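# Residue-level structure breakdown
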Amino acid sequence: MRKGNQLDVGIEQQLVTVQRIQLNELSQKAMRIPTEAEIERFSQLKVFNGESSKAEEKRAEFLSFREAVVKTPPGSLALETILSFGTRHADTIAKISLENSMRSDHKPWSFTVVSAHLVQMLIDILHIINEPGILSFFFALEQRSLSTMEAHFFTEGERLMVLLFKSDRPFLDLFAVLVRLFHRTWREMHASDEDIKKVLAVVRKQMDVCLLEKPESIEKLEELLAVHSYPHMKKLWEDERSAKEAEELQSDAVKLSFLILLAQQFWFWKLDANEKTLICSDCANSEVSSNASSAANLKRVDKLSVQAQRQVDRFLNIELKMRLLELDHIPNTIEIPPLPANFDWIPRDVDHSKTSITKV
């Protein structure tokens, strides 16, 4: 029963239990290592052999696929899912193969290898292998311990996904969504074989973002994924990066560095010849004053004038532009300037001067 847009707590907990039972069945398949005979028979299916015409490429593709499916997970679940997809979605495979062959850059993606990775991705998304405290969950149900059930209910991997109950073959249908999403993102990224991991990472991010909106059907999920295309995701990442950099530039540490420069009282700092002492004195009209001033006499400026605040904002904007600037062709070596002709600028009689000395 629903209360508004929310399921009744008791019914929701029962659905979570059913969901975990179904996922456990998939987990058993994912943790089973397929035999060599099963893998070999799978590789001979015609529906998966239309991508590469060279024997060397086919062999390399088979070895990559074998390496992916002998791991647990995805194990036998990968073989079963891809085989079912080839049977029920042969038109999708034919369409992908045709589009790959028509690409001007001749850079198709390997359906079998990528599919094995997509099965693994779906296992992670649904937390099929992750079973935190499932026995205690059933015990809580039996004992009617509501607090225990609620605490366990909100753990990762035990949250209700309504869309799993809106399909007769939810895992296969979600896998089909991932295949179509990968193919579309591959085209949008103009990717090649070397970019498979990058495309997979983008696909995972697209799924994570869309699932946060808790779609109640696979059709609704596909609508969300259509909106979150690769160009849209790039814009989201750029906005996040800009916001983060702006936040960093507005931090107290950055502002403090500019406040020191723009304080109404300026100070002259100089490193002593021993390179262990800072010499500090006040300045007037850009000239070093003979009056001694200690660091303790520095006054903190809590409020800047309008003009000073404008200078702070100006420097912050300059800093932002410099950090965003991409510099190319930076030389590997730099030319070290020659030593000065004399060292008269180094104070010789520091002890008798009126300047204050601060140890570093």
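Residues numbered from 1 in each chain as written. Predicted model: local features only at pLDDT ≥ 70, side-chain atom pairs only at ≥ 80, totals over all residues. Heavy atoms only, no water.

## Considering the overall build of the protein chain
Under the convention used in this document: Numbering of helices and strands starts at the N terminus; helices are DSSP runs of H or I of at least 4 residues and strands are runs of E of at least 2. Think of it in three bands: with a 1.4 Å probe and only protein chains considered, a residue is buried below 20% of the maximum accessible area for its type, exposed above 50%, and partly exposed in between. Accessible surface area values rest on a Shrake-Rupley calculation with a 1.4 Å probe, where residue burial reflects the displayed protein chains alone.
When you go through the protein chain residue by residue, the secondary structure sums to 14 helices and 6 strands. Classification of the 360 residues of the protein chain by burial places 35% in the buried group. If you sum the accessible surface of the protein chain, you get close to 23,700 Å²; carbon and sulfur atoms cover 55% of it.

## Here's the deal with unusual backbone geometry
At the junction of Thr-72 and Pro-73, the peptide bond is cis and its omega measures out at -10 degrees in the coordinates. Residue Pro-73 is joined to Pro-74 through a cis peptide bond whose omega torsion reads 10 degrees. Backbone geometry places His-127, a non-glycine residue, at a positive phi of 55 degrees. Looking at the secondary structure, you find His-127 in the loop between helix H6 (111-125) and helix H7 (134-143).

## Section: the packing of helix H10 (residues 196-211) against helix H11 (residues 218-227)
Cut-off, in case you're wondering: Here an axis means a line fitted to C-alpha atoms, over the contact stretch when the element is a helix, while the angle between two N-to-C directions is reported on a 0 to 180 degree scale. To sort the angles, those under 35 degrees are grouped as roughly parallel, those over 145 as roughly antiparallel, those from 65 to 115 as roughly perpendicular, and the leftovers as oblique. Take the far helix as the reference: if the near one is turned anticlockwise from it by less than a right angle, the crossing is left-handed, and if turned clockwise, right-handed. We call two residues in contact whenever any of their non-hydrogen atoms come within 4.5 Å of each other. Here the nonpolar group is Ala, Val, Leu, Ile, Met, Phe, Trp, Tyr, Cys and Pro; Asp, Glu, Lys and Arg are the charged ones; every other residue, Gly included, is treated as polar.
Interhelical geometry of H10 versus H11 gives an angle of 120 degrees and a closest axis separation of 10 Å. Considered as vectors, H10 and H11 are oriented oblique to each other. As for how H10 packs across H11, the hand of that crossing is right-handed. Where H10 abuts H11, its residues Gln-206, Met-207, Cys-210 and Leu-211 lie against Leu-221, Leu-224 and Leu-225. Residues of the contact of H10 with H11, tallied by class, amount to 6 nonpolar, 1 polar and no charged.

## Observations regarding H6
Convention followed: What a helix is expected to span follows from its residue count: subtract one and scale by 1.5 Å.
Helix length check: H6, at 15 residues, gives a terminal C-alpha distance of 20 Å against a target of 21 Å (1.5 Å per residue), a fit within 8%. Of all 15 residues making up H6, 13 are buried, and the element is well covered by its neighbours. Directly beyond the C-terminal end of H6, a positive phi value near 55 degrees is found at His-127.

## Here's the deal with the confidence of the model for the protein chain
We apply this condition: A score between 0 and 100, pLDDT records how confident the predictor is in each residue.
Per-residue confidence for the protein chain gives a mean pLDDT of 77; residues scoring 70 or more make up 65%. The low-confidence segment residues 144-154, where pLDDT is below 50, has 18 contacts with residues more than four positions distant or belonging to other chains. Contacts from residues 285-302, a stretch scored under 50 in pLDDT, to residues over four places away or in other chains number 25 contacts.

## A few points about the packing of helix H9 (residues 170-189) against H11
Two elements in contact, H9 and H11, have axes separated by 11 Å at closest approach and are oriented at 15 degrees. Between H9 and H11, the interaxial angle falls into the category roughly parallel. Between H9 and H11 lies a crossing of right-handed hand. Residues Pro-170, Asp-173, Leu-174, Val-177, Arg-180, Leu-181 and Arg-184 of H9 pack against Ile-218, Leu-221, Glu-222, Leu-225 and Ala-226 of H11.

## Some thoughts on a nonpolar patch on the surface
As a reminder, the rule being used: Like-charged residues within 9 Å of one another, or nonpolar side chains (Val, Leu, Ile, Met, Phe, Trp, Tyr) within 5 Å, are grouped into patches, provided each residue has over 30% relative accessible area and no salt bridge. Note on definitions: salt bridges are taken to be side-chain nitrogens of Lys or Arg within 4 Å of carboxyl oxygens of Asp or Glu.
Taken together, Leu-339, Phe-343 and Trp-345 make up a surface patch of nonpolar side chains, about 390 Å² in accessible area. Note that Phe-343 resides in the loop between helix H14 (306-324) and strand E6 (356-359). On the accessibility criterion, Phe-343 (44% relative accessible area) is partly exposed.

## Some words on the nonpolar core
Which entries qualify depends on this criterion: The criterion is simple. A nonpolar core is a set of buried Ala, Val, Leu, Ile, Met, Phe, Trp, Tyr and Cys residues joined through side-chain atoms within 4.5 Å.
Counting 58 residues, the largest nonpolar core has Leu-118, Leu-126, Phe-171 and Phe-182 as its most contacted members. Counting residues per element, this core draws most heavily on H9, at 12 residues. Excluding its chain neighbours within four sequence positions, the residues that come into contact with Leu-118 are Phe-175, Leu-178, Val-179, Phe-182 and Leu-200.

## Quick look at helix H4 (residues 75-88)
Think of an α-helix as 3.6 residues a turn; residues three or four steps apart then line up on the same face. Between its first and last C-alpha atoms H4 spans 21 Å; for 14 residues at 1.5 Å apiece the expected length is 20 Å, and the two agree. Turning to H4, its buried residues number three or more, namely Gly-75, Ser-76, Leu-77, Ala-78, Leu-79, Thr-81, Ile-82, Phe-85 and Gly-86. In this fold, the buried residues of H4 make contact with helix H1 (9-30), helix H2 (36-43), helix H3 (55-69), helix H5 (90-101), H6 and H9.

## A closer look at the environment of Phe-42
Positionally, Phe-42 belongs in helix H2. Given a relative accessible area of 6%, Phe-42 falls into the buried group. Put simply, Phe-42 and Ile-82 are 40 residues apart on the chain and 9.5 Å apart in space, counted from C-alpha to C-alpha.

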